[in-house]
Amino acid sequence: GAGLSQKLYNITFDGGIMHIAPNHGKDNDFEFESLKIVPTYNNETYAHANIGIDFNNYKLSFNAISLLSKVPSVLESFSKISKWRQAFGVKGELSLFDRFTAKADYKFDTILSDSIFTASANYLFLNRALLEVGIEFLESPTSVSYWSNFRSNDSFYTKLSYKF
């Protein structure tokens, strides 16, 4: 792939094209009496762009990605499904008092109507211990989406860590 990046004061502009060409022929066929499974390899090409704003206490970025190559047919058995077709996202981070940080990230695919929202907040206490809480919500209304297998995996988590 190729990419360009330009920083202007506190704003960064990024963009590029990425091509993924899987290594063909490394996987063995899986075969038994009545069925033979042959892996399907699809090349993928994406264009991506990002505008990021970075200030002392907060960061904000706007992102986009678009699949430029042919979308594999849903009839092709054992083919890889692209995670995103034409998606936009916004991501933010807020840091307060050098001890508290909150993050949020939202992605939406305009073709498949898939969306993922993640958010977390953490607090540093005792100068060595960190408490974090987070959520992730996933929506995938179509069965042809990569994310459809995970649509019931909304989650809430907590994390406690200590640096020795």
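The structure presented is a predicted model; accordingly, all values stated were derived computationally and were not measured. (Residues numbered from 1 in each chain as written. Predicted model: local features only at pLDDT ≥ 70, side-chain atom pairs only at ≥ 80, totals over all residues. Heavy atoms only, no water.)

J.: Now, about the overall build of the protein chain: what can you tell me, with residues and values included?
T.: For the protein chain, the count of helices and strands is zero helices and 11 strands. Secondary structure elements of the protein chain occur, N-terminal to C-terminal, as β-β-β-β-β-β-β-β-β-β-β. When each of the 164 residues of the protein chain is scored for burial, the buried share is 21%. Considering only contacts in the protein chain between residues 6 or more positions apart, those separated by 24 or more positions represent 42%. (Helix = DSSP H or I, 4+ residues; strand = E, 2+ residues; numbered from the N terminus. Buried < 20%, exposed > 50% of the residue type's maximum accessible area, 1.4 Å probe, protein only. Contact = heavy atoms within 4.5 Å.)

J.: Run through the sheet that holds strand β10 (residues 129-139), naming residues and quoting values.
T.: With respect to topology, nine strands assemble into an open sheet ordered β1-β2-β5-β6-β7-β8-β9-β10-β11, the strand pairing being antiparallel. Looking at strand neighbours, the two that pair on one side only are β1 (2-8) and β11 (155-162), the edges of this open sheet. Adjacent strand axes in the sheet meet at a mean angle of 10° when their direction is disregarded. Sheet topology note: the β1/strand β2 (residues 11-20) ladder contains seven bridges and is antiparallel. Across the sheet, the residue bridging to Q6 is F13, located in β2. (Pairing = 2+ DSSP bridges. Axes fitted to C-alpha atoms, helices over the stretch in contact; angles between N-to-C directions.)

J.: Describe in detail the side chain of S82, supporting the description with residues and values.
T.: Structurally, S82 can be placed in the loop between β6 (58-67) and β7 (86-96). Judged by its relative accessible area of 3%, S82 is buried. There is a polar contact of 2.7 Å between the side chain of S82 and the side chain of E44. (Polar contact = N/O pair within 3.5 Å; in protein donor to acceptor, adjacent residues only side chain to side chain.)

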